[in-house]
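Now for the letters of each chain:
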Amino acid sequence: MDLEQEPRPRHLELRPQRLRHLEGGEPFEGKKIFMQSCGKCHLLFGEGGRIGPDLTAFKRNDVNHILTNVINPSAEIREGFEAIVVVTNDGRTITGFRADQDARVLVVRGIDGQNISINRDDIEETVPLKKSLMPEGLLNNLTEEQVRNLFTYLRVGQPLNSP
């Protein structure tokens, strides 16, 4: 069966025969997909969001490693991106990352990318989350060709010039 005619996958399996299908894509098309999905939270070559880790220095040449992190984002959470929930004395709940802190203030970067400063005296509880804020199933609505294009772009070694 032709890969482009396959039904959209419910999930991408971590099997060597599937991994070889992630090669030979179109990096410029992959960049578009990256910017529409991954790039909302992640930087790559200075482009994208600043919520999740910058992927530029990430081990991007290892397809299995990338795929594992995309399929199961909670499998390996990079240091500094451990999510927390802060409950304030007035009942507010703030979820995000510990962006900065000192003895008087905790700064939480929310999932919208905005920093929220909270006085330590106003905090009732801070609870670490063991689950990544990156959603699972990000590849579920992509075709095999789109996944191949995305992974081709993720593995390029330098920024792409306009075609």
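## Some details on helix H2 (residues 27–36)
Each α-helix winds once per 3.6 residues, and so residues spaced three or four apart point in a common direction.
Thought 1: Residues of H2 that are buried: Pro-27, Gly-30, Lys-31, Ile-33 and Phe-34. Angularly, the buried residues of H2 cover 165° about the axis, an arc narrow enough to put them on a single face.
Thought 2: Against the buried residues of H2 lie strand S1 (43–44), strand S2 (47–48) and helix H4 (144–154).
Thought 3: N-capping of H2 is provided by Glu-26, with a side-chain oxygen placed 3.0 Å from the backbone N of Phe-28.

## Some points on unusual backbone geometry
Glycine aside, the phi torsion of most residues is negative, and most peptide linkages are trans.
Thought 1: Phi is positive for Phe-45, which is not a glycine, with a value near 55°.
Thought 2: With respect to the helices and strands, Phe-45 occurs in the loop between S1 and S2.
Thought 3: Relative accessible area serves as the criterion here: at 17%, Phe-45 is assigned to the buried category.

## Digging into the sheet that holds strand S4 (residues 93–101)
Thought 1: If you walk across this open sheet you meet the five strands as S6-S5-S4-S3-S7, and the pairing is antiparallel. Sheet topology places strand S6 (115–119) and strand S7 (123–128) at the edges, where each strand pairs with a single neighbour. Adjacent strand axes in the sheet meet at a mean angle of 45°, parallel and antiparallel pairs treated alike.
Thought 2: With five bridges connecting them, strand S5 (residues 105–110) and S6 associate as antiparallel partners. Bridge assignment links Val-105 to a residue of S6, and that residue is Asn-119.

About the thresholds
- Residues numbered from 1 in each chain as written.
- Predicted model: local features only at pLDDT ≥ 70, side-chain atom pairs only at ≥ 80, totals over all residues.
- Heavy atoms only, no water.
- Buried < 20%, exposed > 50% of the residue type's maximum accessible area, 1.4 Å probe, protein only.
- Helix = DSSP H or I, 4+ residues; strand = E, 2+ residues; numbered from the N terminus.
- Arc of directions from axis to C-beta.
- Contact = heavy atoms within 4.5 Å.
- Polar contact = N/O pair within 3.5 Å; in protein donor to acceptor, adjacent residues only side chain to side chain.
- Pairing = 2+ DSSP bridges.
- Axes fitted to C-alpha atoms, helices over the stretch in contact; angles between N-to-C directions.

Remember, this is a structural readout, not a statement about activity or role.
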